[in-house]
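Working through the structure, step by step
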Amino acid sequence: MREVQFSLLTKLLKNVAQNSPFYRQKFSSLGICPEDIRSESDFEKLPFTTKEELRDAYPLGLQAVPDEKVVRIHSSSGTTGKPVIIPYTAGDVEIWAEMMCRCFKMAGVTPLDRVQITPGYGLWTAGIGFQAGVEKLGAMAVPMGPGNTDKQIQMMIDLKSTVLVATSSYALLLAEEVQKRGILSQIHLKKGIFGSERWGEKMRKRIQDGLGIEVFDIYGLTEIYGPGIALDCHCHSGMHYWDDVLYFEIIDPCTGKRLSDGEYGELVITTLVKEGAPLIRYRTRDLTRIIPGNCSCGSPFPRIDRIVGRTDDMIKIKGVNIYPGQVDELLTEINGISSEYNIIIDHVEGRDRMTLRVEREDRVDCSLVESLIVELFKKRIGIQIRAEAVPIGTLPRSEKKTRRVFDYREV
Ligand code: ZN
């Protein structure tokens, strides 16, 4: 931890102990005094903050400023249980826009660009976060929101959009549509900024080639401002994150122990300057690593690697832990299949069974691809699976996040 980060942290701890009902209670029940945190190792003894705790604080238990300071709320999608509500001050909104603006600059976006924003607006942080960054940079925002692919493509052509902001699965859908309609020559896109889900090299390449663009990964989560807290640069060797605003740690998701740079584990974030809902050692459930050393782009900001999975989509099958990220990586080695796949797990005759369903191109021999996958899976991940190659375009695409794992085992 750098000295300037530590001094921000000291201020933060004092602030939450006084003003955040959530942390006041958490600290007092555990006997934690902000004054006792005098070093990085003291800090590492502080308890984590979890998503469950944030849910329990519903609706506004996280708010650490008086009502008149709150200008907006956002909320994480409540697909499982209660949503998490995050209040923002004017200062939070400003810092978020600044981070997003840095992201656009890092991707080489200029005030002359036209940025088509396809993620949703509203309670979700995505759309409005990108919008604020585009406006701060001085580029032109085309605030489409999600869906309506025909209209998206029409606007893309007529307004000559040069930058596309999307989830990676929607970008793939658009890329396939552009190919199908044979209209690539009418598209003016140069760059794509995609995020909000883990995706592999193969999918990236299909989007890149399908739309003729350079692709940048963006990272973020509603609990910590929203998207825009990290982005990969032109070197595409990891995502730079804004360490003047956020403090990142990587921990072992099972033991909670801090890991060294370079080791894969769960990303834990502390917000150094957030006002509305500051978070200390928040467990993101995202799996990545801090990349040691400097990036050849020359940026002073440190890097995390691409997100390889979520701690909660880790699948345990036949006693082996599998991350979907490993499957992505394995599939990039096989020619003639798409980036889309489904993992189906069931329990047959007293044993777990895993089926990996992939999409193959017409020219490819079905049984050959299937046996190749089975063999590679056995060699790399160490378990016997079944593979099923279906024609390209069979597996569902989605405008939001694509579900890939279907676990039918009874719990
Ligand atoms: Zn770089």
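These figures come from a predicted structure and were not determined experimentally.

About the criteria used
- Residues numbered from 1 in each chain as written.
- Predicted model: local features only at pLDDT ≥ 70, side-chain atom pairs only at ≥ 80, totals over all residues.
- Heavy atoms only, no water.
- Pairing = 2+ DSSP bridges.
- Helix = DSSP H or I, 4+ residues; strand = E, 2+ residues; numbered from the N terminus.
- Contact = heavy atoms within 4.5 Å.
- Axes fitted to C-alpha atoms, helices over the stretch in contact; angles between N-to-C directions.
- Buried < 20%, exposed > 50% of the residue type's maximum accessible area, 1.4 Å probe, protein only.
- Expected span 1.5 Å × (residues − 1).
- Polar contact = N/O pair within 3.5 Å; in protein donor to acceptor, adjacent residues only side chain to side chain.
- Patch = residues over 30% accessible without salt bridge, like charges linked within 9 Å, V, L, I, M, F, W, Y side chains within 5 Å.
- Areas by Shrake-Rupley, 256 points an atom, 1.4 Å probe, with all protein chains shown as cover.
- Salt bridge = Lys/Arg side-chain N within 4 Å of Asp/Glu carboxyl O.
- Domains from an automatic or database assignment.
- Buried area = accessible area lost by both parts, 1.4 Å probe.
- Donors = N, O, S within 2.8 Å, 3.2 Å for Na, K, Ca; no water.
- Tetrahedral: all angles 85-135°; square planar, octahedral: opposite > 155°, others 65-115°.

Observations regarding the sheet that holds strand β4 (residues 140–143)
Each strand in a sheet pairs with its neighbour through backbone hydrogen bonds, running either in the same direction (parallel) or in the opposite one (antiparallel). Spatial ordering of the open sheet is given by β4-β3-β5-β6-β7-β8-β9-β14-β13, a layout of nine strands whose pairing is mixed. One side of each edge strand has no neighbouring strand; the edge strands of this open sheet are β4 and β13 (290–291). Strand direction decides the pairing type here: strand β7 (residues 214–221) and strand β8 (residues 226–232), joined by three bridges, are antiparallel. By the bridge assignment, I218 is partnered in β8 with L231. Contacts from helix α5 (residues 90–106) reach β3 (114–117), β5 (163–167), β6 (191–195), β7, β8 and β9 (239–241), with the element oriented near 30° to β8. Against the sheet, helix α9 (residues 201–211) engages β5, β6, β7 and β8, with an angle of about 130° to β7.

Section: the pairing of β7
Of all eight residues that make up β7, six are buried, and the element is covered over most of its length. Pairing of β6 with β7, which is carried by five bridges, proceeds in the parallel orientation. Across the sheet, residue G195 finds its bridge partner in β7, namely I218. In this antiparallel pair of consecutive strands, β7 and β8, the connection spans four residues, and Y225 shows a positive phi of 70°.

As for α5
Under the 1.5 Å per step criterion, the end-to-end length of α5 is 24 Å for 17 residues, consistent within 8% with the ideal 24 Å. The set of residues buried in α5 consists of D92, V93, W96, A97, M99, M100, C101, R102, C103, F104 and M106. The backbone nitrogen of G91 has a side-chain oxygen 3.2 Å away, supplied by the residue at the start of α5, namely T89. G108, located one to two residues past α5, shows a positive phi value of around 80°.

Looking at a nonpolar patch on the surface
Taken together, L60, I73 and L123 make up a surface patch of nonpolar side chains, about 260 Å² in accessible area. For I73, the location among the structural elements is in strand β1 (residues 70–75). Residue I73 is classed as partly exposed on the basis of its relative accessible area of 34%.

Things to note about the domain arrangement of the chain
The extent of an interface is frequently quoted as the accessible surface area lost upon association of the parts. For the chain, the assigned domains read domain 1 (89–310) and domain 2 (315–407). The centre of domain 1, based on its C-alpha atoms, is set 27 Å off from the matching centre of domain 2. With 22 residues of domain 1 in contact, the opposing surface of domain 2 contributes 19 residues. Here domain 1 packs against domain 2, burying approximately 1,600 Å² in sum over the two surfaces, 52% of which is carbon and sulfur. Our count for the contact surface shared by domain 1 and domain 2 stands at zero salt bridges. Our count for the domain 1 to domain 2 interface comes out at three residue pairs in polar contact (both at pLDDT 80 or more). In terms of residue count, helix α8 (residues 168–181) provides more of the side of domain 1 that touches domain 2 than any other element does, five residues in total.

Regarding the coordination of the zinc ion
As a benchmark, a tetrahedral metal site with four donors has ideal angles of 109.5 degrees, while an octahedral site with six donors has ideal angles of 90 or 180 degrees. Taken together, C233 (SG), H240 (NE2), C295 (SG) and C297 (SG) make up the protein donors of the zinc ion, found 2.1 to 2.3 Å from the metal. Taken together, the four donor atoms coordinating the zinc ion span angles of 102 to 113° at the metal, a pattern that classifies the geometry as tetrahedral. Mapping the donors of the zinc ion onto the primary sequence gives the spacing C-x6-H-x54-C-x1-C. Here C233 is found in the loop between β8 and β9, whereas its partner C295 is found in the loop between β13 and β14 (303–304), with 62 residues between them in sequence. Taken as a pair, C233 and C295 share a single burial class, namely buried.

Thoughts on the pattern of salt bridges
A complete count under the given rule lists 31 salt bridges for this structure. A salt bridge links E94 to K136, with the nearest nitrogen and oxygen atoms 2.8 Å apart. With E94 in helix α5 and K136 in helix α6 (residues 126–137), this pair connects stretches of sequence that are 42 residues apart. By relative accessible area, E94 is classed as partly exposed at 42%. Residues R181 and D150 are paired through a salt bridge, measuring 2.5 Å at the closest nitrogen-oxygen approach. Linking R181 in helix α8 with D150 in helix α7 (residues 149–158), this pair joins segments that are 31 residues apart in sequence. Each member of the salt-bridge network shares a partner with another, and the members are E40, E44, E249, R258 and R281.

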